[in-house]
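# What the coordinates show
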Amino acid sequence: VALLRNGVRQDDCFQNASTLTSRCLSAIKKGGAAEAAAAATALGLHMLTLGEPDENLFQEVHADVAKAAKQGKGPATKVAAAEALALCCFVAAEDEHTTLAVMQQLHGLWDKDSAKLRAAALRGWSFLYTSLCNPLPTRQLEAELAALSALLHDADVDVRAAAGEGLGLLYNSCGLGDSDFDEEDLDELIDEEAEEDEQQQQQTDLSPAGEQQQQLQLAQDGAGSS
């Protein structure tokens, strides 16, 4: 992974493409959590280094990587697999139906417990959306806008940011709403969400339960210092 991250090893990737792919897949399926996460990252970098569309190669890795993103060994493996799935599809998939299917798989991860996985799946979905030649059907577009809008209220700021980026992408690409809607608008929207969260936390702290918790904490601190 370090070698692929730090330098383009195109000759090695081309000469050993089949071996590298099969070893990464083996580690993703059979390795421990750390090994599987590293293998997923390496597979994505390997595919990026190859840099050429190859539908057969993508179909070779698709099922295992998608399964790891959904059911992988630990949060890190799932995140790495989701990122690899989007990257492998972006580089290698030639059929737009394949891309749409992968986007649907990533969409299926938007409601998972791990905030990092939700954010990775959102960004992967948006990344693949940029590769589409045809617009989404109106009904699907409306559903995606509604789902992304709901995620602007997610408890995690990275998820809210990824959802905002996806919304901005849809609005700009489809000509919806204000044409001046840009990255600054997204930043303001995310900041507003963060301020709302902070205000809610302050209200909780001022509630009877919150005051009771603070008094308990002060008592515990006092006992510890004595």
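This structure is a prediction, so every number in the text was calculated from the model and none was measured.

Across its full length, the chain holds 12 helices and zero strands. Seen in sequence order, the chain has helices and strands lined up from the N terminus as α-α-α-α-α-α-α-α-α-α-α-α. Scored against the burial criterion, the 226 residues of the chain give a buried share of 39%. Contacts in the chain between residues at least 24 apart in sequence constitute 65% of all its contacts with a sequence separation of at least 6. When the accessible surface of the chain is split by element, carbon and sulfur atoms take 50% of a total near 12900 Å².

Under the defined criterion, the tally for this structure stands at three aromatic pairs. Judged by centre distance (5.6 Å) and plane angle (75°), the rings of Trp 110 and Trp 125 are edge-to-face. Pair noted here: Trp 110 is in the loop between helix H7 (96–107) and helix H8 (115–129) and Trp 125 is in helix H8, with a separation of 15 residues, a long-range link. Trp 110 sits in the buried class, given a relative accessible area of 5%. With a centroid separation of 5.6 Å and 15° between ring planes, the pair formed by Trp 125 and Tyr 129 is classed as stacked. Taken together, the residues span about one helical turn, with Trp 125 and Tyr 129 both in helix H8 at a distance of four residues. A network of ring pairs unites the aromatic residues Trp 110, Trp 125 and Tyr 129 as a single cluster.

What follows deals with the layout of surface pockets. Taken as a whole, the second largest pocket spans an internal volume of roughly 160 Å³. Of all the elements in the fold, those that place two or more residues in the lining of the second largest pocket are helix H4 (33–50), helix H6 (75–92) and H8. In terms of residue count, H6 provides more of the lining of the second largest pocket than any other element does, five residues in total.

With that out of the way, let us pick up the pattern of salt bridges. Applying the stated criterion to the full structure yields three salt bridges. Between Arg 118 and Asp 154 there is a salt bridge whose closest N-O contact spans 3.0 Å. With Arg 118 in helix H8 and Asp 154 in the loop between helix H9 (138–151) and helix H10 (157–174), this residue pair connects regions lying 36 residues apart in the sequence. By the burial criterion, Arg 118 is buried, and Asp 154 matches it. As a salt-bridge pair, Glu 165 and Arg 123 come within 3.4 Å of each other at their nearest N and O atoms. Of this pair, Glu 165 sits in helix H10 while Arg 123 sits in helix H8, and the two are 42 residues apart along the sequence. Judged by relative accessible area, Glu 165 falls into the partly exposed class, the value being 39%.

For the rest of this paragraph, the subject is the environment of Asp 12. Here Asp 12 shows up in helix H2 (residues 10–15). The exposure class of Asp 12 is partly exposed, given its relative accessible area of 32%. Considering only alpha carbons, one finds Asp 12 and His 46, 34 residues apart in sequence, at a separation of 9.7 Å.

The N-to-C vectors of H6 and H8 enclose an angle of 5°; their axes lie 9 Å apart at closest approach. Classed by the angle they form, the pair H6 and H8 counts as roughly parallel. Residue-level inspection shows Lys 78, Val 79, Ala 82, Glu 83, Ala 86, Leu 87, Cys 89 and Phe 90 of H6 in contact with H8, the latter providing Lys 116, Leu 117, Ala 120, Gly 124, Phe 127 and Leu 128.

On to the nonpolar core, then. Counting residues in hydrophobic clusters, the biggest one holds 58 residues, and the most contacted among them are Phe 58, Val 65, Leu 106 and Trp 125. Of all the secondary-structure elements, those providing two or more residues to this core are helix H3 (17–30), H4, helix H5 (55–71), H6, H7, H8, H9 and H10. The biggest single contributor to this core is H6, with 11 residues. If we skip the residues at most four places from it in the chain, Leu 106 touches Ala 82, Leu 85, Ala 86, Ala 121, Gly 124, Trp 125 and Leu 128.

Two numbers describe how H3 lies on H5: the axes approach to 10 Å, and their chain directions differ by 15°. The angle between H3 and H5 falls in the class roughly parallel. Seen from above, H3 lies across H5 with left-handed handedness. For the pair formed by H3 and H5, the contact residues are Thr 21, Leu 25, Ile 28 and Lys 29 on the first element and Leu 57, Glu 60, Val 61, Asp 64, Val 65 and Ala 68 on the second. Split by residue class, the contact of H3 with H5 holds six nonpolar, one polar and three charged.

The rules behind these values
Residues numbered from 1 in each chain as written. Predicted model: local features only at pLDDT ≥ 70, side-chain atom pairs only at ≥ 80, totals over all residues. Heavy atoms only, no water. Helix = DSSP H or I, 4+ residues; strand = E, 2+ residues; numbered from the N terminus. Buried < 20%, exposed > 50% of the residue type's maximum accessible area, 1.4 Å probe, protein only. Contact = heavy atoms within 4.5 Å. Areas by Shrake-Rupley, 256 points an atom, 1.4 Å probe, with all protein chains shown as cover. Phe/Tyr/Trp six-rings, centres within 6.5 Å; stacked < 30°, edge-to-face > 60°. 1 Å grid on protein atoms, 1.4 Å probe; cavity = no way out; pocket = protein on both sides within 12 Å on 5 of 7 lines; lining within 4 Å. Points joined across faces, edges and corners; volume = space filled by probe spheres on them. Salt bridge = Lys/Arg side-chain N within 4 Å of Asp/Glu carboxyl O. Axes fitted to C-alpha atoms, helices over the stretch in contact; angles between N-to-C directions. Parallel < 35°, antiparallel > 145°, perpendicular 65-115°, else oblique. Core = buried A, V, L, I, M, F, W, Y, C linked by side-chain atoms within 4.5 Å. Left-handed = near helix turned anticlockwise from the far one by under 90°. Nonpolar A, V, L, I, M, F, W, Y, C, P; charged D, E, K, R; others polar.

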